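Structural characterization, general
Next come the chains, spelled out residue by residue.
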Amino acid sequence: MSGENEPLLEQEQSLEEEKGEKKRNVFCIIIFLVGVAGLSAAIIISYFLYFKYVIGLKVLALNVWGMPAKVGSEDKELRMQAIGKFIQKEEYDVYLLAELWMRPDHETIRKLVPSGYHMSQVGDFALSTCDGRALPSFCSGLAIVSRFPFIEKEFLEFSYHGSIWNPDGEYWARKGAGRARVEPHPGFIVDFFVTHTCAVGPSYSNAYYREHQVKELVGWVDSSNADFIVLGGDFNTDPKDNETSYHNLKEAMISSMEEFFLVIKEWLCPKRATYGNPKNTYSYMYTPVLYDYIWHRANRWNMIWTNFFDVPFLRAKKVISDSSPSNSTNGTAVEVSFSDHEAVTSSLFLWKSIL
């Protein structure tokens, strides 16, 4: 009898094993489908959250070289008109301008600002003692043009202004930082800072004053409670300089240029110099240096990063008159740079955390 029962038992065991295997397969398939559904849902939710909570901003920073002609600038009125007309193209959301010292030049650009844009007034980023008519004495030369309305505007004056004994005029200027708060999208609070630090002297670096100014600047940035902070302007310091200014900025914020190019030789080179650039029609004869930057950082769980960075070569047309009797035209048109500095531009992405 035992021999007759053995095949039956084996068949029953085999059937049980097949049923168990099928159950395991079905369970695995269900787990797989649940996993795929969960992953798909996560991707779809992340996709919509990304586009819901990420916005783009295009920023330009430019030292406009607005010193009066008697102090050394060239073609100032022509260049200011060209800068204003360039802003009319609305290619950027925010323009951070430095060395806009004189009130008439500020007014020239203001009149050309396109409808829907907003420009800071001279007094927003300057002391009440600012001249700006005959000389730039006690002025900051700072201005911001924004596609978005200003929520707040504030001028922060540096405590260090250069030596009264030096001929560079730094002591008589009142440099600092202009802060403008905007809300480019509901719930996205951004503080834009524009600045201009102490310039290099003819035979001295002014590093002492510049280092102290940058420390103050970093302190102002650290105290901002905005979701995002963007800082741009003319810092008058090159990464290769023997001073702490660039290092202190880099510890507090992220350089858009470094973030985008990654490899040093791609950004720390003559073709991307912002002063003394070989293509600049006013300063090409000087040693190429990188003085102008756009920096950024985010507070709390928010994120900001650079999508694109450029050093564009902006030009204006200048007509040179020809008094020769044989010349029947009004003159020869040549291109000149917008400034003795090159502009820097950055396309930024801002991600607002839902936490």
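Structure report, in brief. (Residues numbered from 1 in each chain as written. Predicted model: local features only at pLDDT ≥ 70, side-chain atom pairs only at ≥ 80, totals over all residues. Heavy atoms only, no water.)

Turning to the packing of helix 2 (residues 76-88) against helix 3 (residues 103-112), a few remarks are in order. Packing of helix 2 against helix 3 brings their axes to within 8 Å, and their N-to-C directions diverge by 25 degrees. Relative to helix 3, helix 2 is oriented roughly parallel. Remark: the crossing between helix 2 and helix 3 carries right-handed chirality. Every residue of helix 3 that contacts helix 2 at Lys-76, Met-80, Gln-81, Ile-83, Gly-84, Lys-85, Ile-87 and Gln-88 is listed here: Asp-105, Thr-108, Ile-109 and Leu-112. Residues of the contact of helix 2 with helix 3, tallied by class, amount to five nonpolar, four polar and three charged. (Axes fitted to C-alpha atoms, helices over the stretch in contact; angles between N-to-C directions. Helix = DSSP H or I, 4+ residues; strand = E, 2+ residues; numbered from the N terminus. Parallel < 35°, antiparallel > 145°, perpendicular 65-115°, else oblique. Left-handed = near helix turned anticlockwise from the far one by under 90°. Contact = heavy atoms within 4.5 Å. Nonpolar A, V, L, I, M, F, W, Y, C, P; charged D, E, K, R; others polar.)

Our focus in this paragraph is the environment of Gly-276. Mapping Gly-276 onto the fold places it in the loop between helix 7 (264-267) and strand 10 (292-298). Here the alpha-carbon distance between Gly-276 and Tyr-286, two residues ten residues apart in the chain, equals 4.8 Å. Filtering out sequence-adjacent residues up to four positions away, Gly-276 remains in contact with Ser-283, Tyr-284, Tyr-286, Thr-287, Pro-288 and Asp-340.

All right, on to a nonpolar patch on the surface then. Taken together, Ile-29, Phe-32, Leu-33 and Val-36 make up a surface patch of nonpolar side chains, about 400 Å² in accessible area. Here Ile-29 shows up in helix 1 (residues 2-53). The class for Ile-29 is partly exposed, based on a relative accessible area of 48%. (Patch = residues over 30% accessible without salt bridge, like charges linked within 9 Å, V, L, I, M, F, W, Y side chains within 5 Å. Areas by Shrake-Rupley, 256 points an atom, 1.4 Å probe, with all protein chains shown as cover. Salt bridge = Lys/Arg side-chain N within 4 Å of Asp/Glu carboxyl O. Buried < 20%, exposed > 50% of the residue type's maximum accessible area, 1.4 Å probe, protein only.)

Read from one edge of the open sheet, six strands run 5-6-7-8-10-9, paired in mixed fashion. Where the open sheet ends on each side, the last strands, each with one partner, are strand 5 (152-157) and strand 9 (254-255). Across seven bridges, strand 8 (residues 228-234) lies against strand 10 in antiparallel orientation. Directly across from Ile-229, in strand 10, lies its bridge partner Arg-297. The strands touched by helix 5 (residues 245-252) within the sheet are strand 8, strand 9 and strand 10, with strand 10 carrying the most contacts at an inclination of about 30 degrees. (Pairing = 2+ DSSP bridges.)

Of all the nine residues making up strand 7 (residues 188-196), eight are buried; the element is thus mostly covered by neighbouring parts of the structure. Sheet topology places strand 6 (residues 176-185) next to strand 7; seven bridges connect them, and they run antiparallel. The residue bridging Val-182 from the neighbouring strand is Val-190, located in strand 7. Where strand 6 folds back on strand 7, the antiparallel hairpin that results is connected by two residues, among which Gly-187 adopts a positive phi of roughly 90 degrees. Where strand 7 and strand 8 come together, seven bridges link them in parallel fashion. Among the inter-strand pairings, Asp-191 is bridged to a residue of strand 8, identified as Ile-229.

It is worth stressing that arrangement in space is one thing and function is another; only the former is reported here.
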